[in-house]
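What follows is each chain in one-letter form.
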Amino acid sequence: MPDVTVEDAGLGPGRMVLVVGPSGAGKDTLMAALHERLKFRSDVVFARRAITRDADPEAEDHDTLSRDEFDRLVDTQEVALSWEAHGLGYVIPKSYDEAIAKGVTVIANGSRKVLERSAQKYQSAIVFLITAPIDVLAERLSARGRETKDDIRRRLQRADLEPDSLANLVRIENTGTVEDGVAAMMKALGYQA
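Quick notes on the rules
Residues numbered from 1 in each chain as written. Predicted model: local features only at pLDDT ≥ 70, side-chain atom pairs only at ≥ 80, totals over all residues. Heavy atoms only, no water. Helix = DSSP H or I, 4+ residues; strand = E, 2+ residues; numbered from the N terminus. Expected span 1.5 Å × (residues − 1). Buried < 20%, exposed > 50% of the residue type's maximum accessible area, 1.4 Å probe, protein only. Arc of directions from axis to C-beta. Contact = heavy atoms within 4.5 Å. Salt bridge = Lys/Arg side-chain N within 4 Å of Asp/Glu carboxyl O. Phe/Tyr/Trp six-rings, centres within 6.5 Å; stacked < 30°, edge-to-face > 60°.

A. A look at the environment of valine 182. Position of valine 182 relative to the elements: it lies in helix α8 (residues 178-189). Along the primary structure valine 182 and alanine 32 are separated by 150 residues, whereas in three dimensions their C-alpha atoms are 9.5 Å apart.

B. Region of interest: α8. With 12 residues, α8 ought to run about 16 Å at 1.5 Å a step, and its terminal C-alpha atoms sit 17 Å apart, in line with that. Those residues of α8 lying buried are Gly181, Val182, Met185, Met186 and Leu189. Buried residues of α8, viewed axially, fall in a sector of 135°; they line one side. Where the residues of α8 are buried, they touch β1 (11-20), α2 (27-38), β7 (105-109), β8 (122-131) and β9 (169-173). Just downstream of α8, glycine 190 is the residue with a positive phi angle, here 85°.

C. Examining the pattern of salt bridges more closely. With the rule as written, the count across this model stands at seven salt bridges. Across the pair lysine 39 and glutamate 36 runs a salt bridge whose closest N-O atoms are separated by 2.6 Å. The class of glutamate 36 is partly exposed, set by a relative accessible area of 47%. For aspartate 43, the salt bridge identified is with arginine 41, shortest N-O distance 2.9 Å.

D. Highlighting the packing of aromatic side chains. As enumerated under the stated definition, the model contains one aromatic pair in all. For the pair tryptophan 83 and tyrosine 90, a centre-to-centre distance of 5.4 Å together with 5° between the ring planes defines the contact as stacked. Tyrosine 90 matches tryptophan 83 in its accessibility class, with the two residues each being buried.

Encoded structure:
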């Protein structure tokens, strides 16, 4: 039997934790609360993504990159993870792979599009699927005032709300308090709530 190298086993010993879920599920709220709980831990970092979108005070705080920069980073594999959605390119910078190699847990706002790649690339890849019943999602999206009710209905009908079966998938139905959601995330990460 051939020896298994560290490269074959995946990047580690740290962990990549991706937070995913449909719009309106409350991913950003739970991530902000989790960040507040873990901000003093030196073995945990929250990834700052780069997106091919200008900064917007109403949206996620992120670094901005051009489409050419995105294409170059992806082509040269100078990214930890990357994907495209809704006409935008998203990058989790390669520096977070260096943190994982040093044993750090990296928590990132991710996409269902990179879950399989993450599972292949990292020794430990955890997915937090933040979700809620469709009627709750529709109500939350409607309260934002960005889309019509018909747009929201169409978005939710075509959304793949559940990823294919994955190892290390932690499903959190975000219908309780923020503290309930954060406690579930802390427990899944092995931290005291």
